[in-house]
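Fold and contact review
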Amino acid sequence: MVDDVIDAELAGGEFARQESRFRDWVGEDPRTGRTSGYQPEPGRYHLYVSLACPWCHRTAILRELAGLQDALAISYLAPFRDERGWAFTGDRFEDGPGGEYTDKLHGWHYMSEAYRVSDPDFQGRITVPVLWDTQTGQIVNNESSEIIRMMYSADSLGALGSPLDLYPEDLRAEVDTVNERIYDTVNNGVYKAGFARRQQYYEHAFAELFASFAWLEALLEGRRYLLGEHLTEADWRLFPTLVRFDEVYNVHFRCNYRRLVDYPNLWAYARELYQLPGVAQTVAMEQIKRHYYTTHDELNPKRIIPVGPGYDWLEPHGRGR
């Protein structure tokens, strides 16, 4: 069962996500100030994602916004994941960017093949997204927060497309602070609530999640975006969780204190992001629902996929006020 692969992250009943294994950088590494052996070159890198996964979703969005479609090829994995991990099934899919679940580069059947080539001793859970280097035949990075930063940075993958000012110098400290809270209590918070195997861990994650929703609702009362009048990285790290919240997390992960639509500012903000050019086409709701409701047998053993709620994400958002 796929649940077996997360048992190591649930020791004691509390979900603790594993650290990403591959953390190299394309171009100048902001963590060290040095240039890595991976240089920005059109066509050199390949992105592996499943549109069902929120961590992948943020990279798919930034690939669109940064105009990297021609410079950075992409392969999509199927939404259902079993004990063998993320797979290329060859099936065609209709929602999201057109195509099929196929590895365009190697013809692999499972994402685990990339991990085995890159690190034969790797024993952890196979995760996506994966940024692959075609020259060295290795995984460069499998940490989504770092991949998206490479995508919009002028001295990294963004040099191949349109560098975006999503991490302005004067806002970096605040962006980092907001990112930290959103990751811990919202992005990962829904998982800590959903996968908890003890009541106290579930209730703790639940309380932190909805405290952060209240904080975000108040923040967006006086700001158009999380950091003010201009979009930043923090907005795009939050959005994939919001777009999945009522369809999945509210029900499947028992995060049912309130729905996204019960927060007027947060719901309008989420719709505005959805309606920005290039974003809606990355939201594959049928893949999202199929992934969650058919993969986690511990939470949904019958694998029945809810039909609703099916909100109108194109409803005018009014955030310009």
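See the structure printed just above.
This report concerns the structure included in the present document. (Residues numbered from 1 in each chain as written. Predicted model: local features only at pLDDT ≥ 70, side-chain atom pairs only at ≥ 80, totals over all residues. Heavy atoms only, no water.)

Broken down by element type, the chain carries 9 helices and 6 strands. Out of the 321 residues belonging to the chain, those deemed buried represent 57%. For the chain, restricting intrachain contacts to residue pairs at least 6 apart in sequence, the fraction spanning at least 24 positions comes to 71%. Counting only carbon and sulfur atoms, one obtains 48% of the accessible surface of the chain, whose full area is about 13,700 Å². Taken together, the 34 basic and 49 acidic charged side chains of the chain have centroids lying 3 Å from each other. (Helix = DSSP H or I, 4+ residues; strand = E, 2+ residues; numbered from the N terminus. Buried < 20%, exposed > 50% of the residue type's maximum accessible area, 1.4 Å probe, protein only. Contact = heavy atoms within 4.5 Å. Areas by Shrake-Rupley, 256 points an atom, 1.4 Å probe, with all protein chains shown as cover. Lys, Arg positive; Asp, Glu negative; His and termini not counted. Charge placed at Lys NZ, Arg CZ, Asp CG, Glu CD.)

Let's shift gears to the pairing of strand E6 (residues 138-141). Sheet topology places strand E5 (residues 130-133) next to E6; 3 bridges connect them, and they run antiparallel. Each residue of the ladder has a partner; that of Trp-132, found in E6, is Ile-139. Between E5 and E6, which follow one another and run antiparallel, lie 4 residues, and Gly-137 among them has a positive phi close to 65°. (Pairing = 2+ DSSP bridges.)

Throughout the structure, instances matching the rule amount to 2 cavities of 30 Å³ or more. Roughly 40 Å³ of internal volume is contained in the largest cavity. Around the largest cavity, the lining residues are Pro-54, Trp-55, Arg-58, Asn-187, Tyr-191, Arg-237, Pro-240 and Thr-241. Elements with a minimum of two residues in the lining of the largest cavity: helix H1 (54-65) and helix H7 (233-252). Here the lining of the largest cavity is composed, by residue class, of 4 nonpolar, 2 polar and 2 charged. As for the second largest cavity, its lining consists of Leu-242, Val-243, Phe-245, Asp-246, Glu-247, Leu-260, Tyr-311 and Trp-313. Class assignment for the residues of the lining of the second largest cavity results in 6 nonpolar, no polar and 2 charged. (1 Å grid on protein atoms, 1.4 Å probe; cavity = no way out; pocket = protein on both sides within 12 Å on 5 of 7 lines; lining within 4 Å. Points joined across faces, edges and corners; volume = space filled by probe spheres on them. Nonpolar A, V, L, I, M, F, W, Y, C, P; charged D, E, K, R; others polar.)

Strand pairing in a sheet is mediated by backbone hydrogen bonds. Such pairs are either parallel or antiparallel. Taking strand neighbours across the sheet as the criterion, the 4 strands line up as E2-E1-E5-E6 in an open arrangement whose pairing is mixed. Each edge of the sheet is formed by a strand with only one pairing partner; in this case those strands are strand E2 (73-76) and E6. Each neighbouring strand pair of the sheet contributes to a mean axis angle of 35°, computed without reference to strand direction. Packing against the sheet, H1 makes contact with strand E1 (45-49) and E2, and its axis sits at approximately 135° to E1. (Axes fitted to C-alpha atoms, helices over the stretch in contact; angles between N-to-C directions.)

Time to look at helix H3 (residues 144-152). In terms of burial, H3 is a largely internal element, 9 of the 9 residues being buried. Of the positions making up H3, those classed as buried are Ser-144, Ser-145, Glu-146, Ile-147, Ile-148, Arg-149, Met-150, Met-151 and Tyr-152.

Right, let's get into the environment of Phe-93. Checked against the element boundaries, Phe-93 lands in strand E3 (residues 92-93). By relative accessible area, Phe-93 is classed as buried at 6%. Sequence-wise, Phe-93 and Tyr-191 are 98 residues apart; in three dimensions their C-alpha atoms are separated by 26 Å.

Direction vectors running N to C along H1 and H3 enclose 0°, while the axes themselves pass 9 Å from each other. When the axes of H1 and H3 are compared, the pair comes out roughly parallel. Residues Trp-55, Arg-58, Thr-59, Leu-62 and Arg-63 of H1 touch H3, and the partners they reach there are Ser-144, Ser-145, Ile-147, Ile-148, Met-151 and Tyr-152. Its residues assigned to classes, the contact of H1 with H3 shows 6 nonpolar, 3 polar and 2 charged. (Parallel < 35°, antiparallel > 145°, perpendicular 65-115°, else oblique.)

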